[in-house]
2 protein chains.
Amino acid sequence: MNPVASPVISLSTLLNPRSVAIIGASDDPARIGGRPIDAMRKLGYAGRILPVNPNRREVQGLPAYASVADLPEVPDVAVVAVPAAQVLDTVTALGERGTRAAILFSAGFAEIGGDGVTRQAELLAAARRSGLRLLGPNALGLINVRTGFVGSFASSISLGPIQAGHVGIVSQSGAYGGHLVMAAQSAGVGLSSIVMTGNEADITLGEVVQLMVDDPHTRVIALYSEGINDGNGLVAALQAARRARKPVVMMKVGRSEVGGAAARSHTASIAGDDAVIDAVLAELGVVRARSTEEMLDIVRLATRGIYPSDNTLGVITVSGGAGVIASDAAEDLGLPMPEMPASTQARLLKLLPICSPRNPVDTTAQIVNDLSLIEPFAEAMVGEGGYRSVLGFFTYAGATPAVAPSLREQLARVRERYPDRLYVLVLQGPRDVLNTYEEAGFTVFEDPTRAVVALAAMGRFGHAFAQPETTPLPAAQPVALPTQTPSEAEAKAMLDAAGIPAVPERACAVAEAAVIAARELGFPVVMKILSPDILHKSEIGGVLLDVRNEAAVRGGFATLMQRARDAAPDARIDGVLVARQVSGGVECIMGIKQDPAFGPIAMFGLGGVFVEVLRDVVFHRCPFGEDVAERMIRSIQSAPLLLGARGRPVADIPALAQALSRLSIFAAAAGPRLQAVDVNPVFAMPAGQGAFAADAVIDVTPPQSSSGDLAS
Amino acid sequence: MNPVASPVISLSTLLNPRSVAIIGASDDPARIGGRPIDAMRKLGYAGRILPVNPNRREVQGLPAYASVADLPEVPDVAVVAVPAAQVLDTVTALGERGTRAAILFSAGFAEIGGDGVTRQAELLAAARRSGLRLLGPNALGLINVRTGFVGSFASSISLGPIQAGHVGIVSQSGAYGGHLVMAAQSAGVGLSSIVMTGNEADITLGEVVQLMVDDPHTRVIALYSEGINDGNGLVAALQAARRARKPVVMMKVGRSEVGGAAARSHTASIAGDDAVIDAVLAELGVVRARSTEEMLDIVRLATRGIYPSDNTLGVITVSGGAGVIASDAAEDLGLPMPEMPASTQARLLKLLPICSPRNPVDTTAQIVNDLSLIEPFAEAMVGEGGYRSVLGFFTYAGATPAVAPSLREQLARVRERYPDRLYVLVLQGPRDVLNTYEEAGFTVFEDPTRAVVALAAMGRFGHAFAQPETTPLPAAQPVALPTQTPSEAEAKAMLDAAGIPAVPERACAVAEAAVIAARELGFPVVMKILSPDILHKSEIGGVLLDVRNEAAVRGGFATLMQRARDAAPDARIDGVLVARQVSGGVECIMGIKQDPAFGPIAMFGLGGVFVEVLRDVVFHRCPFGEDVAERMIRSIQSAPLLLGARGRPVADIPALAQALSRLSIFAAAAGPRLQAVDVNPVFAMPAGQGAFAADAVIDVTPPQSSSGDLAS
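Since the structure is predicted, the reported quantities are computational estimates derived from the model, not experimental observations. (Residues numbered from 1 in each chain as written. Chains lettered and ligands numbered in written order. Predicted model: local features only at pLDDT ≥ 70, side-chain atom pairs only at ≥ 80, totals over all residues. Heavy atoms only, no water.)

1. A word on the overall build of chain A
Counting secondary structure elements, chain A contains 23 helices and 29 strands. The principal-axis extent of the C-alpha atoms belonging to chain A is close to 95 × 80 × 35 Å. Within the span of chain A, comprising 712 residues, buried residues form 57% of the whole. At a minimum sequence separation of 6, the contacts of chain A that also span at least 24 residues come to 70%. Per element, the accessible surface of chain A, about 27400 Å² overall, is 52% carbon and sulfur. Across chain A, 59 positive and 71 negative side-chain charges occur, with their mean positions spaced 3 Å apart. (Helix = DSSP H or I, 4+ residues; strand = E, 2+ residues; numbered from the N terminus. Buried < 20%, exposed > 50% of the residue type's maximum accessible area, 1.4 Å probe, protein only. Contact = heavy atoms within 4.5 Å. Areas by Shrake-Rupley, 256 points an atom, 1.4 Å probe, with all protein chains shown as cover. Lys, Arg positive; Asp, Glu negative; His and termini not counted. Charge placed at Lys NZ, Arg CZ, Asp CG, Glu CD.)

And the structure:
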């Protein structure tokens, strides 16, 4: 994205500076240039604060300096709160002094368009010359909750100290970042650091995520995004988070956005940005939250640090209804709720004949009348049921003075014996009573459905953390893209060379060649006009099916040439393609879309109405192996049609998966000039008989001069 | 459901008794027989409390009576808290005294199965003899929050008074009902009455909903159900609620349940109970909540009493991100967010050049710095934007002392000028500050997504309330069901008579008749074995397509007869059906399933993989008109295949809708012996050419002696 490569320096200084200069420092703690100083002093920031103000000797009781040049030391970080017109000079001066990072509050850059874009580019160029890294401009900045370092003018910091904890917040929006911080406070979620990235002229979302991955105080990352600028950087950071076993919960808003304009291919028109984001996040084990509240529920439970790779849910409840609600939610989320062992069920029925011991284990309110039952029931669920996640529904009864102390102690003893399980309680009652449960290691929810959503997310993290590094891929063949969009025959030849087999066919320039080709391929054949300029052949009548003899081939050749000349007089026409007519296969579609953030994205679905009307397709970032391809194929809703539903033959899934994987490897090797690929249809033949591309379109952009491509 | 008809007396006494006897009254306020007395005295119940206890002269300071017979007056209502074995005698005694309703706390009846079922039936019979109505047994009972009448032993009543308001809670579960009450308290939702129905031996969920409809203090109804016993009663009560403009929010748990066992028809096997519930609730304008929290969010906003029939959403926000989040949620829920008028946008841009005035209207945090902008912006949105629902996102800034008073006053002035709109604010802050907004008429949420979900629900209520009473249906022909499952030809003849046209066809007992029929119908024809005992003909090879000449008809006749004899030697075989082979139509399926709660339910979908694999179908209670049928047809995901997608011909939707409506009228007229109908396929021909049933199965149960059918 950036015209000059970013310097490879550690960004950790940004979160942990020993000294900070405030350029445009104000004596008024309510003003933008005053807020950080006021906040840092209140929060006990231990580093040196160096106000810069040409008009004052002292700012908020601290000695002030007239300019960056006058500073008595090189500050690790500078906070820049001067008008837009002065930012460039300030950045230049900071760079010359050797400051490592600047946080730019100032607005009036790329976010206003026009001149602002130019000003931002100049800013970045100046910073790159000296190796200065920039957060912003137009950034609300960052807060290190643990050290009291405040490089932010968020008004929320004036509302008092933020509860410290292990959740890092990364937000592209300043205003929503502030809301998130306050919502986290209200939900009892302790924070480590908060970074709001603004315009991302230099430091991107991915780099900030990496900062959180490297920060030992951050164990869980909450990510709010409105648009991805540097997809590859974000992917690398999210992969690092997964390796570090730090769960990431993301809100990516703007779901209604759709993909690129006037798309020439099916794949590009169907692959909206949001579907691509979903696919990428699922691949990387990031849980996408549907609301702020859901994000906070999940990060709050995630701070327990328990991520079962084989999650199961056991529910113990004083209300059968609550058990059913939890079961409904678990089923929706694919969280298994296996039954208790039969012998344990029998034993529990002896203890309490009116209980339902299967799972949910419904003790009825009787357990509240006979508190001695709690520990045996809980022990049975955890020890013998073996659930990785346990949800206890005790509602207001569990928060009454008569019940709470005993319930808490008995559950705590079970938790001590099985500390590797997730324990969630659904309770209603005064905050201070609920807090005693939280302190004893139980995460408390007031709503059973929200509790199950959070528990299910822990299993998704655990599953992602347990995934082996991706399987090795076959080495990519070098791909030499033509300078312009190739014809169908050329496209299929390129794909065939890359391991995506085509239906046997011949390109024929004259009618007699077509007759010979048809004879060799065997009747019936399919005939199609062959032109790089006609992408949607069927729309001009350019495809003839079921051509059954030599006379029909001759007639067909003439018909197709005439139709092409009538419909597209300027098109280059290379002749006619004669192909074996495949029968007995299932029509599928495979495609590639070049995503502006994440590079080539592969799509798979069944052809025809399944893709056109039902949009029953699946996406994945390229490249990927046959294992991933097979999971994609099996994940679509219409997959049963490939797997033998209602007496159909089972399709050759391995061949289909191989072709899909090879297509992804081809796309990754082809580079950004590959705009889109449609392989449509691909015939998935019955098991053992392969998968064959019957048509293909490859859409490329012409090569550009390489002057703009200096960046790595 | 009940063997004897329930007496037609008003149940309002149950909620508002002038006197209540407590049978099994206890002096200990913590015991089940003591709790109601203690609670009523604390809450100031103004009626007479009459404890009955054979062993005490006084109970909790009140004079006690030895038996029901000894009571000094006939109590309006009795609360029965005696062991199961004594309940029958108590009910009999109460009936003899002329008490109108009894609330039975006692457990040990149908919920334990076996003997309990018999005991419950005896109880009901005794009550019916005297006209006594029963709530329960095994019921946690009811609470009238406004009068302090407590006919319940819920432990939550010991936790202090319940906040009074206008939401009535109806719950089948006692324990979850108690949780709901506490969750409502915590969410600030005031309650009118709470009724927990228990076993529903007599008074059903529907009757309690009707009670709430009739109760002037209840304006909004929250309904929690685990299983519907009396579907028709519930439907009638929900229709009454709609007429009374009282919104109903329902949680129906147990979504994973599936429909009847070993279903003989597609329709019955696909129509799970949950899909039927969804269809019925949508028809009646009931909003189904996915969680307790969502239910409480919706009822809380509903107490404002504003239900726009043409809901639109305008969002004013200090954060662009929050605007996008709200837009995402609105799009998911189908809540329109039209743009602001262009002239208004231009004016707002002059007021605040950095704003985004389209909708969401993003004022940026600037509006918090210049508070004078609030009223002009809000006025512009409500007055000129004309939105029925307005969401203001002001987060923690809106709750700060510097902002809150001014923001609240300016918004209140706008609300005064436009009192018919829904106003929701998203704020973060201390409860007492948020309450000042609530008191000023603004409903406060902390999460923007939850706010939009609640706003969208108000529009669904408004839409339902504005629906005209259902259009008149054509008079149903009387339906004389055969005593056993008819053959295909008989089934199609019955349906044809009911207005569902069949493909032209002839039943032929001998081969030569088949030849004549084929000649008359025109080649090609379809031939099918004709037997009432073979429901799935294609599974035994009993269908021949594309029979093109007379010789093939003769051969086909012999083949089919042989296959039928081989596959089903005991089947009655009536010959072969010869039908015109229809081409050019879209294969659809229509069906009927007899639902145990709601009677006949119609299904519509496209045939083949769309129904078998994708389950892309829609349901509706019978009977219904062609308008409803057309909406059903257009609502399925694959509807574009009927509506001309990708160059296909548009199907004859009016003919299809007519057939579907007629099928629903037929099913309603046929009565409960009609188990299922599959009309599969129905060919939807191109516009103007009709819709024809090509196959049909009607599944009936044999008539029973009428002795058990005395009830109305």
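2. Regarding the domain arrangement of chain A
What the domain assignment reports for chain A is domain 1 (12-302), domain 2 (313-466), domain 3 (504-580) and domain 4 (586-700). Computed over C-alpha atoms, the centres of domain 3 of chain A and domain 4 of chain A are 26 Å apart. (Domains from an automatic or database assignment.)

3. A few points about the interface of chain A and chain B
Each partner contributes to the interface: chain A provides 57 residues, whereas chain B provides 57 residues. At the junction of chain A and chain B, the tally comes to two salt bridges. For the pair chain A and chain B, the number of links is 16 residue pairs in polar contact (both at pLDDT 80 or more). Mapped by element, the contributors of at least two residues to the side of chain A that touches chain B are α5 (174-187), α10 (292-302), α11 (320-333), β17 (389-395), α17 (448-466) and α21 (609-612) of chain A. When its residues are assigned to classes, the side of chain A that touches chain B shows 24 nonpolar, 20 polar and 13 charged. (Salt bridge = Lys/Arg side-chain N within 4 Å of Asp/Glu carboxyl O. Polar contact = N/O pair within 3.5 Å; in protein donor to acceptor, adjacent residues only side chain to side chain. Nonpolar A, V, L, I, M, F, W, Y, C, P; charged D, E, K, R; others polar.)

4. Some points on the pairing of strand β24 (residues 586-595) of chain B
Along any regular strand the residues' side chains alternate between the sheet's two faces. Residue and element names in this part refer to chain B. Most of β24 sits out of view: eight of its ten residues are buried. As defined by bridge partners, β24 adjoins strand β27 (residues 674-684) across seven bridges and the pair is classed as antiparallel. Bridge pairing in β27 places Gly-591 opposite Asp-678. Counting the residues that bridge the hairpin from β24 to strand β25 (residues 599-606) gives three residues. (Pairing = 2+ DSSP bridges.)

5. Thoughts on the packing of aromatic side chains
The way to describe two aromatic rings as a pair is by their centre distance and the angle between their planes. Under the definition given, this model contains 17 aromatic pairs over all chains. When the centroid spacing of 5.4 Å and the interplanar angle of 85 degrees are considered together, the rings of Tyr-307 of chain A and Phe-465 of chain A count as edge-to-face. Note that Tyr-307 of chain A is positioned in the loop between α10 and β15 (313-317) and Phe-465 of chain A in helix α17, a separation of 158 residues in sequence. Both residues of the pair, Tyr-307 of chain A and Phe-465 of chain A, count as buried. In textbook terms, an aromatic cluster arises when at least three aromatic residues are bridged by ring pairs, as seen for Tyr-176 and Tyr-224 of chain A together with Phe-393 of chain B. Of note, Arg-119 of chain B hangs over the ring of Phe-109 of chain B, and the distance from its end group to the ring centre comes to 6.0 Å. (Phe/Tyr/Trp six-rings, centres within 6.5 Å; stacked < 30°, edge-to-face > 60°. Lys NZ or Arg CZ within 6 Å of the ring centre and 35° of its normal.)

6. Thoughts on the relation of the copies chain A and chain B
In summary, the two copies of the chain are related to each other by a rotation about an axis coupled with a shift along it. Turning chain A through 180 degrees and shifting it by 0.0 Å along the axis lays it on chain B, with an RMSD of 0.1 Å. Both chain copies can therefore be described as sitting about a two-fold axis. The overlap is high: 100% of the interface residues of chain A also sit at the interface in chain B, so the same surface is used on both sides. (Least-squares fit on C-alpha atoms with pLDDT ≥ 70 in both.)

7. Describing the packing of helix α5 (residues 174-187) of chain B against helix α10 (residues 292-302) of chain B
All names here are of chain B. Running from N to C, α5 and α10 point in directions that differ by 55 degrees, and their axes come no closer than 10 Å. Overall, the two elements α5 and α10 adopt an arrangement that is oblique. Crossing hand, α5 versus α10: right-handed. Facing Tyr-176, His-179, Leu-180, Ala-183, Ala-184 and Ala-187 of α5, the residues of α10 in contact are Thr-292, Met-295, Leu-296 and Arg-300. Partitioning the contact of α5 with α10 into residue classes produces seven nonpolar, two polar and one charged. (Axes fitted to C-alpha atoms, helices over the stretch in contact; angles between N-to-C directions. Parallel < 35°, antiparallel > 145°, perpendicular 65-115°, else oblique. Left-handed = near helix turned anticlockwise from the far one by under 90°.)

8. As for the pattern of salt bridges
Residues and elements named next belong to chain B. All chains considered together, the criterion is met by 72 salt bridges over all chains. Between Glu-488 and Lys-528 there is a salt bridge, and its shortest N-O distance comes to 2.9 Å. Placement of Glu-488 in helix α18 (residues 488-497) and of Lys-528 in strand β21 (residues 525-530) is noted, with a sequence separation of 40 residues between them. Of the two residues examined, Glu-488 and Lys-528, each falls in the buried class.

9. Describing the UniProt feature "domain: ATP-grasp" (unreviewed entry) in chain A
Sites flagged by UniProt as "domain: ATP-grasp" (unreviewed entry) map to residues 492-528 of chain A. Between the C-alpha atoms that bound residues 492-528 of chain A the distance is 13 Å, and the span itself is 46% helix and 22% strand. (UniProt positions renumbered as here; feature names shortened; annotations may be inferred.)

10. Topic: the sheet that holds strand β7 (residues 133-135) of chain A
All names here are of chain A. With respect to topology, five strands assemble into an open sheet ordered β2-β1-β5-β6-β7, the strand pairing being parallel. Edge strands, defined here as strands with exactly one partner in the open sheet, are β2 (48-52) and β7. Each neighbouring strand pair of the sheet contributes to a mean axis angle of 20 degrees, computed without reference to strand direction. The pairing of strand β1 (residues 19-23) with strand β5 (residues 77-80) spans four bridges and is parallel. Note that in β5 the partner of Ile-22 across the bridge is Val-79.

11. What to know about the sheet that holds β15 of chain A
Residue and element names in this part refer to chain A. With parallel pairing, the five strands of this open sheet are ordered in space as β16-β15-β17-β18-β19. Because the sheet does not close on itself, it has two edges, and the strands there are β16 (361-362) and β19 (443-445). The strands touched by helix α16 (residues 431-439) are β18 (422-427) and β19; relative to β19, the strand with the most contacts, the crossing angle is about 145 degrees.

12. Let's talk about the pairing of strand β6 (residues 101-104) of chain A
Residues and elements named next belong to chain A. In β6, alternate side chains face the same way, and those of Ala-101 and Ile-103 on one face and Ala-102 and Leu-104 on the other are all buried. Both β5 and β6 contribute to a ladder of four bridges, which runs parallel. Paired with Ala-78 across the two strands is Ala-102, which belongs to β6. Handedness of the β-α-β unit built from β5, helix α3 (residues 84-97) and β6 comes out right-handed. One crossover worth recording links β6 to the parallel β7 by way of helix α4 (residues 115-130), and it is right-handed. (Right-handed = clockwise from strand over helix to strand, strands pointing away.)

13. Brief notes about the environment of Gln-658 of chain B
All names here are of chain B. Within the element layout of this structure, Gln-658 appears in helix α23 (residues 653-670). Residue classification places Gln-658 among the partly exposed positions, given a relative accessible area of 32%. For the pair Gln-658 and Glu-630, spaced 28 residues apart in sequence, the C-alpha separation works out to 8.3 Å.

14. Things to note about the environment of Tyr-176 of chain B
Relative to the helices and strands, Tyr-176 of chain B resides in helix α5. With relative accessibility at 0%, the residue Tyr-176 of chain B sits in the buried group. For Tyr-176 of chain B, the contacting residues outside a window of four places in its chain are Ser-319, Gly-321, Ala-322, Ile-325, Phe-393 and Pro-448 of chain A together with Ser-171, Tyr-224 and Thr-292 of chain B. Within polar-contact distance, the side chain of Tyr-176 of chain B engages the side chain of Thr-292 of chain B at 2.3 Å.

15. What about helix α14 (residues 374-384) of chain A?
One turn of the α-helix equals 3.6 residues, which is why residues spaced by three or four share an orientation. Along α14 of chain A, the positions that sit buried rather than exposed are Ile-374, Glu-375, Phe-377, Ala-378, Ala-380, Met-381 and Val-382 of chain A. At the exit of α14 of chain A stands Gly-386 of chain A, carrying a positive phi of roughly 70 degrees.

16. Points about the nonpolar core
Counting residues in each nonpolar core, the largest one holds 298 residues, and the members touching the most others are Leu-191 and Leu-391 of chain A together with Leu-191 and Leu-391 of chain B. One finds Phe-624 of chain A together with Val-609, Val-628 and Met-632 of chain B within the second-largest nonpolar core, a separate group that totals 98 residues. (Core = buried A, V, L, I, M, F, W, Y, C linked by side-chain atoms within 4.5 Å.)

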